[in-house]
Amino acid sequence: PGHNSKLLSIWWNLLEDHNTTTFPPEATLYGVKYTLIDRSYGKICEFLESSNFRRVFETEQTVVYENQDFRGLIFAIKETDEYTSLTSLPKADVDVSYRWSDYNTIVINIYARESCTLTISYVYDDFWKAKLDNESAMIKEIHGVMAVELNAGKHEVILHFTAYEKMLPFFM
């Protein structure tokens, strides 16, 4: 939830000549490795090429771009008080794996050899809730994406998107 709709929002704003200075938050594209764009959407192609995406395959009608800043859906960065750009920050020494337990829930297992910031390349939204080792945890926003602060050690982070549950009574 959220990530694909944010990309669609970015593309829509570019196509409709809206003010794109706020689109996208820099880090929302870190989880996008490749994207396929129809050449008729020239503004989107221009945007991608100015955002460190590289053309890797072309036909007469489409272009495939590869993100040179790709970090993955979930990655960890060393702790710092200054988040100038996520791509310029060193990765933390961690082992991380994740799985979707359902359509709205990501379960992340991480072994952090140092304190770090777990970064999730999904658009930050108040509807996301986090648990860290079965306790409620705060989700921070860094460059438009979600982040959870972790101490060194073995952890389980569960992120759950609650928007659908909160809106369900309106549809009954």
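Residue indices follow the written sequence of each chain, beginning from 1 at its first position. Note on the predicted model: pLDDT of at least 70 is required for a residue's local features to be given, and 80 or more for side-chain atom pairs to be given and counted; whole-chain, interface and lining totals, by contrast, use all residues. Working from all heavy atoms in the structure, the side-chain values ignore hydrogens and water.

Visitor: Can you tell me about the packing of aromatic side chains, naming the residues and giving the values?
Guide: Pairing of aromatic side chains requires ring centres within 6.5 Å, counting the rings of Phe and Tyr and the six-membered ring of Trp. Pairs whose planes differ by under 30 degrees are stacked, by over 60 edge-to-face, and all others tilted. Per the counting criterion, the structure on display carries 4 aromatic pairs. An angle of 85 degrees between the planes, with centres 5.8 Å apart, marks the rings of Tyr122 and Trp128 as edge-to-face. Ring centres of Phe127 and Phe161 lie 6.3 Å apart, and the angle between their planes is 70 degrees; on these two criteria the pair is classed as edge-to-face. In this pair, Phe127 sits in the loop between strand E7 (116-123) and strand E8 (128-132) while Phe161 sits in strand E12 (residues 153-161), placing the two residues 34 residues apart along the sequence. An aromatic cluster of at least three residues, connected via ring pairs, comprises Trp100, Tyr122, Phe127, Trp128 and Phe161. Secondary structure elements are taken from DSSP: a helix is a run of H or I of four residues or more, a strand is a run of E of two residues or more, and numbering for both begins at the N terminus.

Visitor: Give me the lowdown on the pattern of salt bridges, citing residues and values where you can.
Guide: Only one rule defines a salt bridge in this text: a Lys or Arg side-chain nitrogen within 4 Å of an Asp or Glu carboxyl oxygen. This model, assessed by the stated rule, comprises 9 salt bridges. For the salt bridge of Arg39 with Glu58, the shortest nitrogen-to-oxygen distance reads 2.3 Å. Here Arg39, found in the loop between strand E1 (34-38) and helix H2 (42-50), pairs with Glu58, found in strand E2 (residues 53-58); they are 19 residues apart in sequence, far enough to count as distant. Among the ionic pairs, Asp95 bridges to Arg113, the shortest N-O distance being 2.5 Å. On the criterion of sequence distance, the pair formed by Asp95 in strand E5 (residues 94-102) and Arg113 in the loop between strand E6 (105-112) and E7 is long-range, its members being 18 residues apart. Each of Arg39, Glu49, Arg55 and Glu58 takes part in salt bridges that share partners, so that together they form one network.

Visitor: Please provide a residue-by-residue account of the sheet that holds E12, values included.
Guide: A pair of strands is labelled paired if DSSP reports no fewer than 2 bridges between them. Overall, antiparallel pairing links the 5 strands, which are arranged E5-E6-E12-E8-E9 in an open sheet. The sheet is open, and its two borders are formed by E5 and strand E9 (135-137), each paired with just one other strand. Between one strand and the next, the sheet's axes are offset by a mean angle of 25 degrees, whatever the strand orientation. In this description, a line fitted to the C-alpha atoms serves as the axis of each element, helices being fitted only across the stretch in contact, and the angle between N-to-C directions of two axes falls anywhere from 0 to 180 degrees.

Visitor: An account of the confidence of the model for the protein chain is needed here, citing residue identities and associated values.
Guide: One rule of thumb: low pLDDT means the predicted coordinates there are not for detailed reading. Across the protein chain, the average pLDDT comes to 80, with 74% of residues at or above 70. Per-element mean pLDDT across the protein chain ranges from 53 in helix H1 (residues 3-15) up to 97 in E9. The predictor attaches a confidence to each residue, called pLDDT, with possible values from 0 through 100.

Visitor: Tell me about H2, residues and numbers included.
Guide: Within the span of H2, buried status applies to Ile44, Cys45, Phe47 and Leu48. For H2, the angular spread of buried residues about the axis comes to 160 degrees, placing them on one side. Exposed residues lying more than 90 degrees from the buried face of H2 are Glu46 and Ser50. Accessible area is worked out with a 1.4 Å probe on protein chains only. A residue is then buried under 20% of its type maximum, exposed over 50%, and partly exposed in between. Throughout, the arc means the angular range of directions from the helix axis out to the C-beta atoms.

Visitor: Lay out the pairing of strand E4 (residues 74-78) in plain terms, naming residues and giving numbers.
Guide: Of all 5 residues in E4, 4 are buried, a share of seventy percent or more. Where E4 and E7 come together, 5 bridges link them in antiparallel fashion. Across the sheet, Ala76 pairs through a bridge with Leu118, a residue of E7.

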